[in-house]
Amino acid sequence: MKQYLKSYAVITLGSVIYALSFDWFVAPNQFAMGGVTGLAQILHHWFPALTVGAASALMNVPLFLIGWKKIGGHLLVSSLYAMVVSSAAIDGLNLLFDFQPMDPILAALFGGGVMGVGLGLVFAQGATTGGTDIVAKLLKLKWPWLPIGKLVVVPDTAVMLLVALTFGQLSAMLYGFIKLYTCSKAMDTVLYGTVDSRVAYIISDHWRELSGTLLQSRGVTLLQAKGAYTGAEKQVLMIAFKQKEIVDLKRRVYELDPEAFLIVCDARDVLGNGFSAYRREEL
């Protein structure tokens, strides 16, 4: 119960942040908004009595029904909760505060960043805010290796074109793309974090000494290799480490063998002892 309460508290916070970003940065500047919220913008434009929050909630009903079998009941219940909170927050914040237009570049950059943080918090709890977020989750089932932020871009782009046509402004779509890009980046940062892990490959004739000194701080794996030109047998040391350890690693390698061949690569996901753990509901 405590875990569920914590999860729904995070979903609530993320949904409110999402709504705040929409009311503060997107709506006053009439940016092209993707997803169901963008379609709700269009309906509100033609039927002012129908609020964005209410229109968004109504259009989400068939999407939830479609996704029920594919995604499962638990995710849809939490997503339904996130959708209700975000829709209510959009209308509630709009009543409480009179948000004014601002510099469109600042609004696009900060609006996308704030919205991405909100969506990231919701997605991190295995929920969505409904709409095309559900579509992105379904696409994730088919292409699980793609980051969720990039999958959200696919359906949102089509809706943004319609919003731009409705408002009759090309700039609305262009600013919307800036917002969408920063939103995608912020969302993936919340979900996957920054690249903090590295993998080093070290080729050296002094591999025994290097292996001994590196084993004091990290595990080392030996890979059998052969030089293509000389045909000589080689031992390649492979070591996963944190970004903050890179200076110390280079220093140790250079001190033992200044002629060592060292390759350092980014490692997006490193699972195991000392790194992150596997999550079954991996986004």
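Below you will find a few notes about this structure. Quick caveat: nothing in here was measured; it's all calculated off a predicted structure. Throughout, a residue's number is its position along its own chain's written sequence, starting from 1. Local features in this predicted model are restricted to residues of pLDDT 70 or higher, and side-chain atom pairs are both shown and tallied only at a pLDDT of 80 or more, whereas totals for entire chains, interfaces and linings draw on every residue. Values reported for side chains reflect all heavy atoms of the structure, with hydrogen atoms and water molecules removed beforehand.

1. Examining the nonpolar core
Within the largest apolar cluster, 24 residues are counted, with the highest numbers of intra-cluster contacts made by Phe22, Met115, Leu119 and Met187. Joining through side-chain atoms within 4.5 Å is the link that ties buried Ala, Val, Leu, Ile, Met, Phe, Trp, Tyr and Cys residues into a set, and such a set is a nonpolar core. To sort residues, take the accessible area from a 1.4 Å probe on protein chains only and compare it with the maximum for the residue type: under 20% means buried, over 50% means exposed, and anything in between is partly exposed. In this structure, Leu210, Leu214, Val253 and Ala260 belong to the second largest nonpolar core, which totals 13 residues.

2. Some thoughts on the side chain of Ser211
With respect to the helices, strands and loops of the structure, Ser211 is situated in helix H9 (residues 207-214). Among all residues touching Ser211, those that are not within four sequence positions of it are Val220 and Leu237. Runs of E in the DSSP output that reach at least two residues are strands. Runs of H or I that reach at least four are helices, and both are numbered from the N terminus. A contact between two residues is defined here by any heavy atoms of the two lying within 4.5 Å.

3. Description of helix H8 (residues 170-192)
The terminal C-alpha atoms of H8 lie 33 Å apart, and with 23 residues this matches the ideal 33 Å at 1.5 Å per residue to within 8%. Buried within H8 are the following residues: Ala172, Met173, Gly176, Lys179, Leu180, Thr182, Cys183, Ser184, Ala186, Met187, Asp188 and Leu191. By this rule the span expected of a helix is its residue count minus one, scaled by 1.5 Å.

4. A closer look at the environment of Gln100
For Gln100, the position within the fold is in the loop between helix H4 (73-96) and helix H5 (104-124). Spatially, the C-alpha atoms of Gln100 and Asn29 are 8.1 Å apart, while their sequence positions differ by 71 residues. Setting aside residues up to four positions removed in sequence, Gln100 forms contacts with Trp24 and Pro28.

5. Overview of the packing of aromatic side chains
Two rings belonging to Phe, Tyr or Trp (six-membered ring only in the last case) form a pair when the distance between their centres is within 6.5 Å. Interplanar angles under 30 degrees mark stacking, angles over 60 mark edge-to-face geometry, and anything in between is tilted. Under the criterion given, the structure shown has 4 aromatic pairs. Measuring from centroid to centroid gives 5.1 Å for Tyr8 and Tyr81, while their planes differ by 70 degrees, and the two rings are edge-to-face. On the criterion of sequence distance, the pair formed by Tyr8 in helix H1 (residues 2-26) and Tyr81 in helix H4 is long-range, its members being 73 residues apart. On the basis of relative accessible area, Tyr81 is assigned to the partly exposed category, the value being 32%.

Without other data, these values stay purely geometric and don't point to any function.
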